[in-house]
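Survey of secondary and tertiary structure
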2 protein chains.
Amino acid sequence: MSDLIAALRGAIGATQVLTSADDMAAYLTDWRGRYQGDALCVVRPGTTEEVAQVVHLCNEAKVAMVPQGGNTGLCGGATPCGGEVLISLARLNRVRAVDTDNNTITVEAGCTLHAVQEAAHAAGRLFPLSIASEGSATIGGCLSTNAGGVQVLRYGNARELSLGIEAVLPDGRVWNGLRGLRKDNTGYDLKHLFIGAEGTLGLITAAVLKLFPLPRRRATAWVAVASPAAAVSLLTQLRSDCGDAVTAFELISATALELVMRHIPGSRQPLAAPAAWQVLLELSEFAANNPDVELENSLAKATGVQDAILAQNESQRLALWRLRENISEAQKIEGFSIKHDIAVPVSRIAEFVAAADAAIEKHFPGVRVVCFGHVGDGNLHYNLSMLLGVENAGLIARSHEANLVVHDIVHSLGGSISAEHGLGQLKRDEIKRYKSETEMELMQSIKHVLDSHGLMNPGKML
Amino acid sequence: MSDLIAALRGAIGATQVLTSADDMAAYLTDWRGRYQGDALCVVRPGTTEEVAQVVHLCNEAKVAMVPQGGNTGLCGGATPCGGEVLISLARLNRVRAVDTDNNTITVEAGCTLHAVQEAAHAAGRLFPLSIASEGSATIGGCLSTNAGGVQVLRYGNARELSLGIEAVLPDGRVWNGLRGLRKDNTGYDLKHLFIGAEGTLGLITAAVLKLFPLPRRRATAWVAVASPAAAVSLLTQLRSDCGDAVTAFELISATALELVMRHIPGSRQPLAAPAAWQVLLELSEFAANNPDVELENSLAKATGVQDAILAQNESQRLALWRLRENISEAQKIEGFSIKHDIAVPVSRIAEFVAAADAAIEKHFPGVRVVCFGHVGDGNLHYNLSMLLGVENAGLIARSHEANLVVHDIVHSLGGSISAEHGLGQLKRDEIKRYKSETEMELMQSIKHVLDSHGLMNPGKML
């Protein structure tokens, strides 16, 4: 192993190969502190060529590798299991090109999502991917986990925002698929293998991403509705009236809002009376259209709306969004919870909430359900906790059982047990319960043919 | 072989196994008459289970298979090479479900694209994929070739319009990936392997497709511009003013328009004076917005516009679209031509046209370039013919040379030699000149692991 470390130092410089426990510590634990691993060393290559050299050396030595971006994942996908070479992509952080006529940006994997958004904005364009951790999350991580977030209903997830990628294969070869083309039908679309593969097939080192026109005006509303069904029906009407101007549609339960009120200083109830469910929605429009008027007209027609308020200025708009964005933080302050990141067809959201609520109440009486999420994508964060610490400890100990209760319902509705967070270590075993044998075998075959020695991010996903 | 035919008859019924030359004729030639093959038999299964049985039997007998949808392909991808079992998916033509809240439609592979559009429309939704052959082309063929067409700049191609698929694998197993989810990060996204694979990895038997709100109003304009560069600059301005309301942006050269005038009865020049280049563009909007006003305002500001006319009603709109849609037909009447279906980054369209025109004029003096296409996707159809029949025969004989001239320029600009038609038999060999060895090897590995006996559509793509 000391040979490998020496070779890595020779390849990318001694200062970029970390071996002391202190230097490595930040890389070996995930940010929620749930996963902890050990690594042979942490390497920080600065170019694609250096990544290729690192991978080549590891492959020669048959030592496994763990790619890591901003280390903001929620499923332990970037935490080593023990003895791997951890490859941090953080130094590959150049914006290689912005092409405004082609509406593309070419970036390296280590660029933070925020940096990509900023570079797009500076060029008068929108890069619409937006997630809570965007200040630290890298674009390589976003692609490897196919990140989602709050604008997927209009713009798609990370996968749909990519036109091409550059990847280092498990044997150290570089595949240059950095094409900035809207149409290219010349064989298998290999980028889709690497996107969402959580680093198990190779390392994404750069990407060509789609840019969009920058909306000129937004209308943002906070709407009280009686039920998830009323929220879905409002979404359907709003889209019929305003089309794809609808760029965000978030559902927030009373319990989720309460937690924010309790723990996040400066939070204020937007409406006079708290409702069982609230929707935070946004329209984005261009110069000629007034989205406030559009939105008011559509809301006036809607049957299930109990009350609604439109943001009158940017600071009101940001205050509404902070209520939504602080739910996870408030929940963390409140204490441990069991998290589920599920998706069902949008038409089955109400059915899911009713069935899951009933099943959870039956199996875990007294549990608090904190439910919120991206209804426009059929994606809910359906989290569980008990009020009293000791009861909550008992619940957490029964996490696996709770997961089965929720995920069996998701599965019966044609849903997904990981909508946007991936599998990582967290759901690696559980997924076998829900995927067909045929699908698992296909995945294993692909893994085997691309990474026959099992060196890429072992213990994750598969 | 007679054993296999008997077994196929047993599995799906004797009347659905065609063996006579007369019965098979229509399946064995492509619609342009460029490819002609022979098959052991033509089978017409009516359900996914029957498809699975057919594939199982062929796999047992190690007899190759060719899937075929509407047989409208342009590259010989659905024509047998000799001795295969041709599997027509035409009888799998049920719309299985329409879900308006989820904005999805679930259809079988043999549904024509037109039937899918109609079913969506009947539910008050838009299925935006639109190509000239939509009356005959099936959705299975569209997915297998990742079809594009005239609305890709706004809605994406067939790949981006799919949420899930059902496929029969080369050994006859059925993979049910019919998920109607906007977010699902639970492993490799296998559907993207089968989409665009031209039937070389298995047969797509059904799909869940995305639907969109139905635009209420359209504005359609015919605009004269001086050059491709002026067209691209108009596109960029229009998007900045009107955002994603821009749903079509087609470039048409004077030569392409002349052919339509000459050969298509009832065609009329939309503008007083013919221009070197014309753009047919369309905005799609919802109730609150008036796209005519939007479009007029944006065109009034544009610098490169020489003249423009807006369709005043639906019949004028359709007349403008007919000019665009009849270009291929007019060209067919005019005589043989060498066709190129290329894509480059939108920002390099002007550079491509200038370089290709110059190179073609140098190598093939006197050639007529018929250039038109989907500028918003960087996709041009760049076709070549000579005025006199005898000269044209000489040009056609030098097709390979002409392809190299055009495609080498495309490649140097980071482009694709098959934007939307696929590789099939036509470009199977030529693609090796442009893809890296690494990419070809990756493709071969994928093919080998999924279809180790090489039974799925041999001689196509790879």
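Model, not experiment: these values are computed from the prediction.

What follows deals with the overall build of chain A. Secondary structure summary: chain A contains 17 helices and 18 strands in total. Taken against the 2.2 N^0.38 rule, which gives 23 Å for 462 residues, the C-alpha radius of gyration of chain A at 23 Å falls within 12% of a compact globule. Dimensions along the principal axes, computed over C-alpha positions, put chain A at roughly 70 × 55 × 45 Å. In chain A, buried positions account for 61% of the 462 residues. Within chain A, residue pairs in contact and separated by at least 24 positions form 74% of the contacts whose partners lie at least 6 positions apart. In the structure as shown, chain A presents an accessible area of about 16,200 Å², 52% of it carried by carbon and sulfur atoms. Taking the 40 positively charged and 49 negatively charged side chains of chain A as two groups, their mean positions are separated by 1 Å.

Let us look at the pairing of strand E5 (residues 95-99) of chain A. Looking along a regular strand, one sees side chains alternate from face to face of the sheet. Residues and elements named next belong to chain A. Direction of pairing for E5 relative to strand E6 (residues 104-108): antiparallel, over a ladder of four bridges. Note that in E6 the partner of Ala97 across the bridge is Thr106. Two successive antiparallel strands, E5 and E6, enclose a turn made up of four residues, where Asn103 displays a positive phi of approximately 55°.

Here the focus is the domain arrangement of chain A. Residue and element names in this part refer to chain A. Each assigned domain of chain A is listed with its residue range as follows: domain 1 (2-88), domain 2 (95-213), domain 3 (218-314) and domain 4 (335-420). Between the C-alpha centres of domain 1 and domain 2 there is a distance of 22 Å. If you look at the interface, domain 1 gives 12 residues, while domain 2 gives 15 residues. Both faces considered, domain 1 and domain 2 share a buried interface measuring about 1,100 Å² in area, 67% of it formed by carbon and sulfur atoms. The tally of links from domain 1 across to domain 2 stands at zero salt bridges. Viewed at the interface, domain 2 and domain 1 are joined by two residue pairs in polar contact (both at pLDDT 80 or more). Secondary-structure elements contributing two or more residues to the side of domain 1 that touches domain 2 are helix H3 (48-61) and strand E3 (65-68). For the side of domain 1 that touches domain 2, the element with the highest residue contribution is H3, accounting for six residues. Residues that form the side of domain 1 that touches domain 2 fall into these classes: six nonpolar, six polar and no charged.

Glancing now at the UniProt feature "domain: FAD-binding PCMH-type" (unreviewed entry) in chain A. The UniProt entry lists residues 35-214 of chain A under the feature "domain: FAD-binding PCMH-type" (unreviewed entry), expressed in the numbering used here. Between the end C-alpha atoms of residues 35-214 of chain A the distance is 39 Å, and the span holds 21% helix and 26% strand.

Another aspect to go through is helix H8 (residues 228-242) of chain A. Counting along an α-helix, one turn takes 3.6 residues, and residues three or four places apart therefore face a common direction. Residues and elements named next belong to chain A. The terminal C-alpha atoms of H8, which comprises 15 residues, lie 21 Å apart, in line with the 21 Å expected from a rise of 1.5 Å per residue. Along H8, 11 of the 15 residues are buried, which leaves the element largely enclosed by surrounding structure. All buried positions along H8 are accounted for by Pro228, Ala230, Ala231, Val232, Leu234, Leu235, Thr236, Leu238, Arg239, Asp241 and Cys242. Looking one or two residues beyond H8, the residue adopting positive phi is Gly243, at roughly 60°.

Residues and elements named next belong to chain B. Mapping Val405 onto the fold places it in helix H15 (residues 399-412). Along the backbone, Val405 and Pro345 are 60 residues apart, and their C-alpha atoms lie at a distance of 19 Å. Other than its neighbours up to four places away in sequence, Val405 contacts Ala359, Ile360, His363 and Phe364.

Residue and element names in this part refer to chain A. In space, the five strands of this open sheet follow the order E5-E6-E10-E8-E9, with antiparallel pairing throughout. Looking at the sheet topology across the chains shown, the edges are occupied by E5 and strand E9 (174-177). Strand-to-strand twist of the sheet, defined as the mean angle between neighbouring strand axes without regard to direction, takes the value 10°. Pairing of strand E8 (residues 162-168) with strand E10 (residues 203-210), which is carried by six bridges, proceeds in the antiparallel orientation. Its bridge partner being in E10, Glu166 is matched across the sheet by Ala206. Packing against the sheet, H3 makes contact with E5, E8, E9 and E10, and its axis sits at approximately 45° to E8.

Here we come to the pattern of salt bridges. Charged atoms that come close allow side chains of opposite charge to pair. Summed over all chains, the structure comprises 56 salt bridges over all chains. As a salt-bridge pair, A:Arg154 and B:Asp244 come within 2.4 Å of each other at their nearest N and O atoms. Taken together, the residues span two chains, with A:Arg154 in helix H6 (residues 152-155) and B:Asp244 in the loop between helix H8 (228-242) and strand E13 (246-253). The buried category is assigned to B:Asp244, whose relative accessible area is 18%. Across the salt bridge formed by B:Arg348 and B:Glu351, the nearest N and O atoms sit 3.1 Å from each other. Overall, the relative accessible area of 40% leaves B:Glu351 in the partly exposed class. Overlapping salt bridges bring together A:Arg94, A:Arg96, A:Glu108 and A:Glu166 as one network.

Counting residues at the interface gives 89 residues for chain A, matched by 89 residues for chain B. With both sides pooled, the region where chain A packs onto chain B buries about 7,000 Å², and carbon together with sulfur makes up 53% of that total. Summed over the three residues of chain A that lose the most area to chain B, namely A:Lys183, A:Asn185 and A:Tyr188, the buried surface amounts to 15% of that side. Along the contact surface separating chain A from chain B lie 16 salt bridges. A salt bridge links B:Asp241 to A:Arg216; the shortest N-O distance between them is 3.9 Å. Counting the contacts that link chain A with chain B gives 45 residue pairs in polar contact (both at pLDDT 80 or more). Among the secondary structure elements, those contributing two or more residues to the side of chain A that touches chain B are H6, E9, helix H7 (191-194), strand E11 (212-213), H8 and helix H17 (437-450) of chain A. At 10 residues, H17(A) tops the list of elements feeding residues into the side of chain A that touches chain B.

On to the relation of the copies chain A and chain B. Overlay of chain A on chain B (RMSD 0.0 Å): rotation 180°, translation along the axis 0.0 Å. Seen this way, the second copy is the image of the first under a two-fold rotation axis.

This part is about the sheet that holds strand E16 (residues 341-343) of chain B. Residues and elements named next belong to chain B. Pairing is antiparallel across the open sheet formed by seven strands, whose spatial order is E15-E12-E14-E13-E17-E18-E16. This sheet does not close on itself; its edge strands, each paired only once, are strand E15 (305-310) and E16. For this sheet, the mean inter-axis angle between neighbouring strands, taken without regard to orientation, is 20°. Relative to E15, strand E12 (residues 217-225) is paired through five bridges, and the arrangement is antiparallel. Among the inter-strand pairings, Trp222 is bridged to a residue of E15, identified as Ile309. Sitting on the sheet, helix H9 (residues 254-263) touches E12, E13, strand E14 (277-285) and strand E17 (368-374), and the angle it makes with E17 is about 95°. The strands that H15 touches are E16 and strand E18 (379-385); relative to E16, the one it contacts most, it runs at about 15°.

Next up on the list: the environment of B:Val66. All names here are of chain B. When you line up the elements, Val66 lands in strand E3 (residues 65-68). Taking the relative accessible area as the measure of exposure, Val66 reaches 0% and is therefore buried. Once the C-alpha coordinates of Val66 and Ser88 are considered, the two residues, 22 residues apart in sequence, prove to be 8.4 Å apart. Among residues more than four places away in sequence, those in contact with Val66 are Ala78, Thr79, Pro80, Glu84, Val85, Leu86, Ile87, Asn457 and Lys460.

Further remarks concern the side chain of A:Thr205. Within the element layout of this structure, A:Thr205 appears in strand E10. Among all residues touching A:Thr205, those that are not within four sequence positions of it are A:Thr48, A:Val51, A:Leu92, A:Glu108, A:Ala109, A:Glu166, A:Ala167 and A:Val168.

Further remarks concern the side chain of A:Lys447. With respect to the secondary-structure elements, A:Lys447 resides in helix H17. Look at A:Lys447 and you get buried, because its relative accessible area is 13%. Within the structure, the side chain of A:Lys447 is placed 2.7 Å from the backbone oxygen of A:Thr200, a separation counted as a polar contact. The contacts of A:Lys447, once residues within four sequence positions are left out, are A:Thr200, A:Leu201, A:Ser452, A:Met456, A:Leu462 and B:Tyr188.

Rules behind the numbers
Residues numbered from 1 in each chain as written. Chains lettered and ligands numbered in written order. Predicted model: local features only at pLDDT ≥ 70, side-chain atom pairs only at ≥ 80, totals over all residues. Heavy atoms only, no water. Helix = DSSP H or I, 4+ residues; strand = E, 2+ residues; numbered from the N terminus. Rg over C-alpha atoms; globule rule 2.2 N^0.38 Å. Buried < 20%, exposed > 50% of the residue type's maximum accessible area, 1.4 Å probe, protein only. Contact = heavy atoms within 4.5 Å. Areas by Shrake-Rupley, 256 points an atom, 1.4 Å probe, with all protein chains shown as cover. Lys, Arg positive; Asp, Glu negative; His and termini not counted. Charge placed at Lys NZ, Arg CZ, Asp CG, Glu CD. Pairing = 2+ DSSP bridges. Domains from an automatic or database assignment. Buried area = accessible area lost by both parts, 1.4 Å probe. Salt bridge = Lys/Arg side-chain N within 4 Å of Asp/Glu carboxyl O. Polar contact = N/O pair within 3.5 Å; in protein donor to acceptor, adjacent residues only side chain to side chain. Nonpolar A, V, L, I, M, F, W, Y, C, P; charged D, E, K, R; others polar. UniProt positions renumbered as here; feature names shortened; annotations may be inferred. Expected span 1.5 Å × (residues − 1). Axes fitted to C-alpha atoms, helices over the stretch in contact; angles between N-to-C directions. Least-squares fit on C-alpha atoms with pLDDT ≥ 70 in both.

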